[in-house]
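# Summary of the model geometry
Here are the chains, one letter per residue:
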Amino acid sequence: MNFEGLDPGLAEYAPAMHSALDPVLDAHLNPSLLQNVELDPEGVALEALPVQESVHIMEGVYSELHSVVAEVGVPVSVSHFDLHEEMLWVGSHGGHATSFFGPALERYSSFQVNGSDDIRQIQSLENGILFLTKNNLKYMARGGLIIFDYLLDENEDMHSLLLTDSSTLLIGGLQNHILEIDLNTVQETQKYAVETPGVTIMRQTNRFFFCGHTSGKVSLRDLRTFKVEHEFDAFSGSLSDFDVHGNLLAACGFSSRLTGLACDRFLKVYDLRMMRAITPLQVHVDPAFLRFIPTYTSRLAIISQSGQCQFCEPTGLANPADIFHVNPVGPLLMTFDVSASKQALAFGDSEGCVHLWTDSPEPSFNPYSRETEFALPCLVDSLPPLDWSQDLLPLSLIPVPLTTDTLLSDWPAANSAPAPRRAPPVDAEILRTMKKVGFIGYAPNPRTKLRNQIPYRLKESDSEFDSFSQVTESPVGREEEPHLHVSKKYRKVTIKYSKLGLEDFDFKHYNKTLFAGLEPHIPNAYCNCMIQVLYFLEPVRCLIQNHLCQKEFCLACELGFLFHMLDLSRGDPCQGSNFLRAFRTIPEASALGLILADSDEASGKGNLARLIQRWNRFILTQLHQDMQELEVPQAYRGAGGSFCSSGDSVIGQLFSCEMENCSLCRCGSETVRASSTLLFTLSYPDGSNSDKTGKNYDFAQVLKRSICLDQNTQAWCDNCEKYQPTIQTRNIRHLPDILVINCEVNSSKEADFWRMQAEVAFKMAVKKHGGEISKNKEFALADWKELGSPEGVLVCPSIEELKNVWLPFSIRMKMTRNKGLDVCNWTDGDEMQWGPARAEEEHGVYVYDLMATVVHILDSRTGGSLVAHIKVGETYHQRKEGVTHQQWYLFNDFLIEPIDKHEAVQFDMNWKVPAILYYVKRNLNSRYNLNIKNPIEASVLLAEASLARKQRKTHTTFIPLMLNEMPQIGDLVGLDAEFVTLNEEEAELRSDGTKSTIKPSQMSVARITCVRGQGPNEGIPFIDDYISTQEQVVDYLTQYSGIKPGDLDAKISSKHLTTLKSTYLKLRFLIDIGVKFVGHGLQKDFRVINLMVPKDQVLDTVYLFHMPRKRMISLRFLAWYFLDLKIQGETHDSIEDARTALQLYRKYLELSKNGTEPESFHKVLKGLYEKGRKMDWKVPEPEGQTSPKNAAVFSSVLAL
């Protein structure tokens, strides 16, 4: 034997490779059983050890046919016969896989599966091979290409896998669970708990899953539920191997002895029909592996690690004469497998050799194997080498096939023209963040493309590439912005932050109306459009603002506060931070998936259309529940009661539709149940053949189908006392005043339905109007004169107004006597024909007008957004602009723009998808009392208990107002607030060194202080509330706020702790009464508190002591310069700051002579700025600082 290149240690196993078997022959072996096997005495190559032609193999008796080295010196860990091709797969302890073709064991492929872990099991599939390692499942083609690589948890220790069907796989190991993997999606679909951990072997029959455990047990599990049906305690030590055939289960393993574990020579055999053990089978080898090899009988092959193999019947006696010996190169056999045809056995040993034993000279591994694909031979090696360094080398030496056709190089130059590739457009993100220095622009790399690579585009896709490659940052962006399919005003708007925050951001550029937009940077602000819709419903607005209850987190209360801000605003944007804070605390919102993570909201991962429709249902239900609470509030004395006195809320009166649900069983039993709903979901016709025929459906038809829904479903029948197929119908008893519709356009099927119906409606409209339709909206002078005449005709719409329109502006509903419902589209022409709808309401006929549409804007560059078209009524225009008319507006967060009414119903399904529709009954406002009575009374300022358990009177820092001190209009109140940080600021550093704020830090108010501004107790605080928070605080900002950890915790705080709602009501009362707030930097304070204060009620010392185009001056410097006070030494104190601001305001009145001498005050300011520049705006350090609050404030408080 030739051992060149092998480990020298292998030389001692040289005799084992020859026919002289005496040195390793077992004492029980019969020498007459040995076949006449002759090997070449000169030795064979390592790559393969073929059996010579002189070897004689007896039919029906297993003999060694071939031995081959898979990987020198590396133990074989697993072997597997391919179930689809004539191949044998071998895995090693080094993570290497090798395949051999045919009985000659020709090497087919060899590749590394894992770099560190051993291969523990191999399973062949039709398109590739599955390899299982410790915590990795890899699916590879037979040539070695990776199809998928599934990483398991690093704590997993997997040992076995079982293919249950063509696409489902079970994986088990030393942990207490088994994983189910779907091979189509490459995802974990199920995790089954295992009572006995350590599943190392799995088998399957048509009755059970069999799991072999390291503890020596074999459990039988149900094929569907994976529950344990039976369990065999086979061995007391450990299980080595087991196999199942027919009704028999045979197992081998180790038993516990005094000296440790010992190999048990008794095979445990179990009858699966009676679920009990039968007589154990005693064998003459130490069993490590066993397999059933059923041919004519149910033979068992028992293999020991030393190489001895014995065949016997599981119910008979083992005969020592049935033993043969495998000659491993290494000392141990590591693996064993049987081919599907039972004609071949494979053994792998500890030195990397594989031995193939067969019962015929030309065995086949499978009964029916497909042909194996081989790599084509390389033809380059047969060509003569060419020396390219020789200049005189004739090119004719290169073989070229002889052809008589024209070559491509003969193409005439006249028929060709150079076409250079156009440079791709610059990424819009680069243009947006670019800073120019001279004529050179600098921008950070957005990392959207690979370095030095651009995608190759064909001419057919050039247009698509040009149209969709740019990303814009706002609806009103750069002048040279490339064309996009999404209209400018519909694109997602973002706020650009500077070092001044929002102070220099021009919101007026986006909103030239007096209506208030909503800021989008707050978490879960996707609902801004729906808040606007609810606000512009006049009965809802009045109802919500009249509501006040004692719940800390009440959505109706917070929505009323937000509506009040929208009322006060004169075009400035508002933010719903307090409303969204209360929204995040409601468990139902989280359970419905309405609370988005910041990452999902920024990337647009959530389906916004489905999200806003779920939010729509949730908010109506929540408001309905909040309005049903009729108890008198106790926390806020004097607060107004509920808006209605009946058991149902006004929200229910506005939105609720009463119905009768009838269930008819096939036995004839009918059940009628009354119910109500706050909204309807569109149910579309079955579109199996609608794409081909283009059938026309009116919107009214689809709406009627959705309201009066008929369906067949399984339901409980009391008569049959079981679930039966029933026919369920829905009849309407009472129609709502506001009809809310969720469109449910969640797939391409619904989108195609809308698109097709819009096309059919467009063709019908063109056909109806004939040649009267104009291409645009311009009319001749004669047409205008005719329209102005009493007998003028209706204006004909333009072609652009008719495109993508299926939704009617009005619908007519009629309740029939037999509880039926008639729904039809309603136009202005119908009203002229049938008369006004008001007179018909007495007969159960109602006309609903479209009031709002909420649409989902599909924009892959920004993740999409939600906008609303809202028909703003006369009362809103009267309050804001002093005019009486109706107008449609687009509300896109803080962008508000008037639009044509046809734009509200035009849905280009490529980018503008309808989500929610609001129809209101005509003359709705006349049915309800629209008076708003402010529910907040002066009692909110009176003394209240603290939430803190440890708060004592000696720690009180304020004196509540007495009844004779209640503020009046024009009174001064000093105000200061301190904040904590909930989320840190997100910023990036540009390439030119400047910082760009991506997302500002999210602040929360932590302390609010109000001091008396006049009277004998001037400067004494009457509000000093610490605000309890349930959200995680990232930074207490103690140096600037004076707030310490624990101050906001009710369990350990010694401060006067209240809820944000309680303190908010106090400030709202002060605003409503008309007091003037004096403070420093109040704009930011009111913004974080989420209050809208009229500008004539704010006296901000930041702006009183400020010169145009100069820097803002800190309160500390102003106090030192004008009042000779040294404040804010170690930390800030809101009482100290509020008192100082009041004193500064008094100083301002003194210096400016109550504002009558601006020139003299201007000189004072010039001196202030000159002093500030000399001092570098720093206050000199005091020798012994004493804060004014110590002597003045607290002595006064204690005296009172």
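Residues numbered from 1 in each chain as written. Predicted model: local features only at pLDDT ≥ 70, side-chain atom pairs only at ≥ 80, totals over all residues. Heavy atoms only, no water.

The helix and strand inventory of the protein stands at 25 helices and 54 strands. Counting over 1200 residues, the protein shows a buried share of 48%. Long-range pairs, those at least 24 residues apart, make up 60% of the contacts in the protein with a sequence separation of at least 6. Only carbon and sulfur atoms are counted for the fraction: they give 51% of the accessible area of the protein, which is about 60300 Å². (Helix = DSSP H or I, 4+ residues; strand = E, 2+ residues; numbered from the N terminus. Buried < 20%, exposed > 50% of the residue type's maximum accessible area, 1.4 Å probe, protein only. Contact = heavy atoms within 4.5 Å. Areas by Shrake-Rupley, 256 points an atom, 1.4 Å probe, with all protein chains shown as cover.)

What follows concerns the pairing of strand S31 (residues 353-358). Regular strands place their side chains on alternate faces of the sheet. Within S31, six of the six residues are buried, leaving the element largely enclosed by the surrounding structure. Side chains of S31 alternate between two faces, with Cys353, His355 and Trp357 and Val354, Leu356 and Thr358 buried alike. Taken together, the six bridges between strand S2 (residues 63-69) and S31 define a ladder with antiparallel strand orientation. By the bridge assignment, Glu64 is partnered in S31 with Trp357. (Pairing = 2+ DSSP bridges.)

As recorded in UniProt, the feature "binding site: a divalent metal cation" (unreviewed entry) lies at Asp976, Glu978, Asp1085 and Asp1137. Across 162 residues, the annotated set stays spatially compact, with a maximum C-alpha separation of 12.8 Å. Among the structural elements, Glu978 can be located in strand S47 (residues 972-983). Look at Glu978 and you get buried, because its relative accessible area is 5%. When sequence neighbours within four positions are dropped, the list of residues in contact with Glu978 reads Ser1004, Val1005, Ala1006, Arg1007, Tyr1040, Ser1041, Ile1043, His1132, Asp1133, Ser1134 and Asp1137. Along the chain, Asp1085 turns up in helix H20 (residues 1082-1089). (UniProt positions renumbered as here; feature names shortened; annotations may be inferred.)

The next subject is the sheet that holds strand S6 (residues 106-112). Read from one edge of the open sheet, four strands run S3-S4-S5-S6, paired in antiparallel fashion. The open sheet terminates on both sides in strands that have one partner only, identified here as strand S3 (76-81) and S6. Taking the axes of each pair of neighbouring strands and ignoring which way they run, one obtains an average angle of 20 degrees across the sheet. Relative to strand S4 (residues 87-92), S3 is paired through five bridges, and the arrangement is antiparallel. Within the sheet, the bridge partner assigned to Val78 lies in S4 and is Gly91. (Axes fitted to C-alpha atoms, helices over the stretch in contact; angles between N-to-C directions.)

Below, the discussion takes up the pairing of S47. Of all twelve residues in S47, eleven are buried, a share of seventy percent or more. Bridging between S47 and strand S53 (residues 1076-1079) involves three bridges; their strand directions are parallel. What sits directly across from Gly974, in S53, is Val1078. When S47 meets strand S50 (residues 1002-1012), the two strands line up antiparallel, connected through ten bridges.

The geometry of an aromatic ring pair is captured by two quantities: the separation of the ring centres and the angle between the planes. For the structure on display, the rule yields 49 aromatic pairs. Their ring planes at 25 degrees and their centres at 6.3 Å tell us that Tyr1145 and Tyr1148 sit as a pair that is stacked. Of this pair, Tyr1145 and Tyr1148 both sit in helix H23 (residues 1134-1151), three residues apart, which is roughly one turn of the helix. In this pair, the class of Tyr1145 matches that of Tyr1148, namely buried. Ring centres of Tyr1148 and Phe1161 lie 5.0 Å apart, and the angle between their planes is 85 degrees; on these two criteria the pair is classed as edge-to-face. Placement of Tyr1148 in helix H23 and of Phe1161 in helix H24 (residues 1158-1175) is noted, with a sequence separation of 13 residues between them. On the basis of relative accessible area, Phe1161 is assigned to the buried category, the value being 6%. Between the NZ or CZ atom of Arg879 and the centre of the ring of Tyr876, over which it lies, the distance is 4.7 Å. (Phe/Tyr/Trp six-rings, centres within 6.5 Å; stacked < 30°, edge-to-face > 60°. Lys NZ or Arg CZ within 6 Å of the ring centre and 35° of its normal.)

Let's shift gears to the packing of helix H3 (residues 528-535) against helix H9 (residues 608-627). Where H3 meets H9, the closest approach of the two axes is 10 Å, and the angle between their N-to-C directions is 40 degrees. Relative to H9, H3 is oriented oblique. With respect to the hand of their crossing, H3 and H9 are arranged in right-handed fashion. Touching Cys529, Met530, Ile531 and Leu534 of H3 are Ile612, Trp615, Asn616 and Ile619, all from H9. Tallied by class, the residues present in the contact of H3 with H9 amount to seven nonpolar, one polar and no charged. (Parallel < 35°, antiparallel > 145°, perpendicular 65-115°, else oblique. Left-handed = near helix turned anticlockwise from the far one by under 90°. Nonpolar A, V, L, I, M, F, W, Y, C, P; charged D, E, K, R; others polar.)

Before going further, it helps to spend a moment on helix H4 (residues 538-545). With eight of its eight residues buried, H4 lies for the most part within the structure. Along H4, the residues classified as buried are Glu538, Pro539, Val540, Arg541, Cys542, Leu543, Ile544 and Gln545. Residues of H4 that are buried sit in contact with H3, helix H5 (555-568), H9, helix H10 (650-655), strand S39 (738-742) and helix H17 (874-881).

The next thing to look at is the confidence of the model for the protein. For the protein, the mean per-residue pLDDT works out to 80, and 82% of the residues sit at or above 70. Here residues 630-647 scores under 50 on pLDDT; set against residues more than four positions off or in separate chains, the count is 41 contacts. For residues 777-794, every residue scores under 50 in pLDDT, and the model assigns this stretch 14 contacts once sequence neighbours within four places are set aside. (pLDDT = per-residue confidence, 0-100.)

Strand order in this open sheet of four strands is S7-S8-S9-S10, and the pairing throughout is antiparallel. Each edge of the sheet is formed by a strand with only one pairing partner; in this case those strands are strand S7 (121-124) and strand S10 (146-151). Averaged over all adjacent pairs, the angle separating strand axes in this sheet is 15 degrees, with direction ignored. Where strand S8 (residues 129-132) meets strand S9 (residues 136-140), four bridges bridge the pair, whose relative direction is antiparallel. Bridging across to S9, Ile129 finds its partner in Met140.

Right, let's talk about the pattern of salt bridges for a bit. The full count for this structure, using the stated rule, is 33 salt bridges. The closest approach of N and O atoms between Glu85 and Arg142, which form a salt bridge, is 3.9 Å. Of this pair, Glu85 sits in the loop between S3 and S4 while Arg142 is found in the loop between S9 and S10, placing the two residues 57 residues apart along the sequence. In this pair, the class of Glu85 matches that of Arg142, namely buried. Arg1007 serves as the salt-bridge partner of Asp1133, at 3.4 Å between the closest nitrogen and oxygen. Pair noted here: Asp1133 is in the loop between helix H22 (1115-1123) and H23 and Arg1007 is in strand S50, with a separation of 126 residues, a long-range link. Across the pair, exposure class does not vary: Asp1133 and Arg1007 are buried alike. The network of salt bridges with common partners includes Asp82, Glu85, Arg142 and Arg370. (Salt bridge = Lys/Arg side-chain N within 4 Å of Asp/Glu carboxyl O.)

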